[in-house]
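Coordinate analysis (summary)
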Amino acid sequence: MLSPADQAYRHAITAIRACARPTGFFASGLPGGYEATWARDSIITSLGASLVGNEFQEPFKKSLELLAANQSVHGQIPNAIGTYNEDRQSNITYNSIDSTLWYLIGHRVYQTAYNDAALETAHAQSIRRALTWLSYQDPNEDCLLVQQPTMDWQDAFPHKYGRVISTQALYYAALGMYGETERAEHIKKVVNGDIQQYLSLYDPGRGYYLPWAWKNHDGDREQETWFDTFGNLMAIVTGLATPEIAERILSYIAKEKIAQPYPCKAIWPPIKPGNKEWHSYFEKSDARTPYEYLNGGIWPFLGGFYVAALIKAERFREAEHALECLAEANQQKNREDIPYGFHEWLHGQTGKPIGNSNPYQAWSAGMYVFAHECVQRKTALFFNTTPK
């Protein structure tokens, strides 16, 4: 008899199949969901999908080809492609920084997973243009990327800008994958406060990375201090965080119960009206209520990165337990015609899907497969080795 973790693995593959389309991976697999291709969703999904033999090689490849075909004249990779929202004036949207980063990471994951360099060779010029575009997002010439508000996966909430920890972690990984190790190591030293402390994002007093920071006005620094789960987990998984910092981050997650009832809440603590981080437009966002959506809601895809972070820190028993919890999270559902939900997000206190949380979300399923394989192989796959 299969264990609950192994049962969830099989159902995750079924959910990924529902998201695979001739043009690549859609973000959701059922009608009424996100029926379009997002750069970040498709590549994060592929972290797990690429570990299931060759079954999903074609949709992974098609996702990368679709993104490359719609690259901007400046080298930026689209955020999303498809008619997912009738209010949009274009089927192609940009205005994101992580789409280009995930595109670069995706090519190296594809090459590693399938031992196939042909796609990267075919896209060599596109990859160079993407790297060039990123290098121009450095107005201070300090090697750290700078972004405008809502330019990554948290595209409506919270309000962050400047130097963002999740973006630096992805850039660190991408640079390392493409052989720019000197630049990558410089970023690591800056972000961790070893050099140029005024640019550091690590807060030793709190024991985690600040979500973002910008200019320092005579001691009054533009920054916020809420815990960005994705950014801190990616810092661990990519190796941007030192082992000592990784331990402090994981201890903070345990202390604040950020991985409970299921892994993991998107931010901590939730932001409420009256908090200095609150903006008036939040009232129009799905995150306006604490513990819902991006405001402390549980995102199972983050749970996959949490498991990988535990593996990276060699906390193998904790990773096994977290995987079991993640399997239970992905079993939650708001409809009876599917065996597992693999929802986009769950309520941060009850762990139940509510509101507009879509089931059969590609990255929820893909990251479960990724987490399962990391536990089985006792390594944070793709982020431990760099193909040449």
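Note that the coordinates shown come from a computational prediction; the quantities given were computed from them, not determined experimentally. (Residues numbered from 1 in each chain as written. Predicted model: local features only at pLDDT ≥ 70, side-chain atom pairs only at ≥ 80, totals over all residues. Heavy atoms only, no water.)

1. Remarks on the overall build of the protein
The number of helices and strands found in the protein is 13 helices and twelve strands. With the principal axes as the frame, the protein shows a C-alpha extent of 60 × 45 × 45 Å. Put simply, the protein has 388 residues, and 62% of those count as buried. For the protein, the proportion of contacts with a sequence separation of at least 24, taken over those separated by at least 6, is 65%. On the protein, roughly 15400 Å² of surface is accessible, and the fraction owed to carbon and sulfur atoms is 47%. (Helix = DSSP H or I, 4+ residues; strand = E, 2+ residues; numbered from the N terminus. Buried < 20%, exposed > 50% of the residue type's maximum accessible area, 1.4 Å probe, protein only. Contact = heavy atoms within 4.5 Å. Areas by Shrake-Rupley, 256 points an atom, 1.4 Å probe, with all protein chains shown as cover.)

2. Some words on helix α8 (residues 181-191)
Within the span of α8, buried status applies to A184, I187, K188, V190 and V191. When α8 is viewed along its axis, its buried side chains cluster within an angular range of 165 degrees and face the same direction. Structurally, α8 contributes buried residues whose contacts are with α7 (165-177), β7 (202-203) and β8 (208-209). A positive backbone phi angle near 85 degrees is found at G193, which sits one or two residues after α8. (Arc of directions from axis to C-beta.)

3. A short note on the sheet that holds strand β4 (residues 80-81)
Taken in spatial order, the three strands of this open sheet run β3-β4-β5, and their pairing is antiparallel. Where the open sheet ends on each side, the last strands, each with one partner, are β3 (37-38) and β5 (92-93). (Pairing = 2+ DSSP bridges.)

4. Overview of the environment of A380
Tracing the backbone shows A380 in the segment after α13 (362-377). The class for A380 is buried, based on a relative accessible area of 1%. Separated by 40 residues in sequence, A380 and Y340 place their C-alpha atoms 25 Å apart.

5. Here we look at the side chain of E373
Inspection of the secondary structure assignment puts E373 in helix α13. Engagement of the side chain of E373 in a polar contact is seen with the side chain of Y9, the distance being 2.9 Å. For E373, the contacting residues outside a window of four places in its chain are Y9, L51 and L381. (Polar contact = N/O pair within 3.5 Å; in protein donor to acceptor, adjacent residues only side chain to side chain.)

6. A few points about the packing of aromatic side chains
The description of an aromatic ring pair rests on the distance of the ring centres and on the angle between the ring planes. Taken as a whole and judged by the stated rule, the model has 28 aromatic pairs. Arranged with centres 5.6 Å apart and planes meeting at 75 degrees, the rings of Y34 and W38 form a pair that is edge-to-face. Classification of W38 as buried rests on a relative accessible area of 9%. Look at W299 and F301: their rings are 6.4 Å apart centre to centre, the planes differ by 90 degrees, and that puts the pair in the edge-to-face class. The pair W299 / F301 is uniform in exposure class, with both members buried. Taking the ring centre of Y178 as reference, the NZ or CZ of R108 above it sits at 4.4 Å. In this structure, K378 packs its charged tip against the face of F316, placed 5.7 Å from the ring centre. (Phe/Tyr/Trp six-rings, centres within 6.5 Å; stacked < 30°, edge-to-face > 60°. Lys NZ or Arg CZ within 6 Å of the ring centre and 35° of its normal.)

7. A few points about the sheet that holds strand β10 (residues 220-224)
Ordered by their spatial adjacency, three strands build an open sheet running β6-β9-β10, and the pairing between neighbours is antiparallel. Each end of this open sheet is capped by a strand with a single partner; those strands are β6 (163-164) and β10. As judged from the two bridges shared by β6 and strand β9 (residues 212-217), these two strands associate in the antiparallel manner. What sits directly across from V164, in β9, is W212.

8. Observations concerning the state of the cysteines
Tallied over the entire structure, the rule returns zero disulfides. This cysteine, C19, is not joined by any disulfide, and C374 carries the nearest cysteine sulfur, 20 Å off. Between C325, a cysteine without a disulfide, and C264, which holds the nearest cysteine sulfur, the sulfur-to-sulfur distance is 10 Å. Judged by its relative accessible area of 18%, C325 falls in the buried class. (Disulfide = S-S within 2.5 Å.)

9. Focus: the packing of helix α9 (residues 229-238) against helix α10 (residues 243-256)
In contact at an axis separation of 10 Å, α9 and α10 are set at 145 degrees when each is read in the N-to-C sense. With respect to the hand of their crossing, α9 and α10 are arranged in left-handed fashion. Seen from α9, the contacting residues are N232, L233 and I236; seen from α10, they are A246, I249, L250 and I253. A per-class count over the contact of α9 with α10 returns six nonpolar, one polar and no charged. (Axes fitted to C-alpha atoms, helices over the stretch in contact; angles between N-to-C directions. Left-handed = near helix turned anticlockwise from the far one by under 90°. Nonpolar A, V, L, I, M, F, W, Y, C, P; charged D, E, K, R; others polar.)

10. Regarding the pairing of β10
Bridge analysis of β9 against β10 gives four bridges, and the strand direction is antiparallel. Along β10, the bridge assignment pairs W212 with E224. The hairpin formed by β9 and β10 contains two residues between the paired strands, and D218 there has a positive phi angle of roughly 50 degrees.

11. A closer look at helix α6 (residues 124-135)
Since the α-helix packs 3.6 residues into each turn, any two residues three or four apart lie on the same face. Here α6 contains twelve residues, and its C-alpha end-to-end distance of 17 Å stays within 8% of the 16 Å for a straight helix at 1.5 Å per residue. Elements that come into contact with the buried residues of α6 comprise α3 (57-69), α4 (98-114), α5 (118-122) and α7. (Expected span 1.5 Å × (residues − 1).)

12. Here we look at the packing of α7 against α9
For the pair α7 and α9, the least separation of the axes is 8 Å and the interaxial angle reads 20 degrees. Here α7 lies roughly parallel to α9, going by the angle between them. The interaxial crossing formed by α7 with α9 has left-handed handedness. Residues I165, S166, A169, L170, Y172 and A173 of α7 form the contact with α9, whose participating residues are F230, G231, M234, A235 and T238. Looking at the contact of α7 with α9 residue by residue, the classes come out as eight nonpolar, three polar and no charged. (Parallel < 35°, antiparallel > 145°, perpendicular 65-115°, else oblique.)

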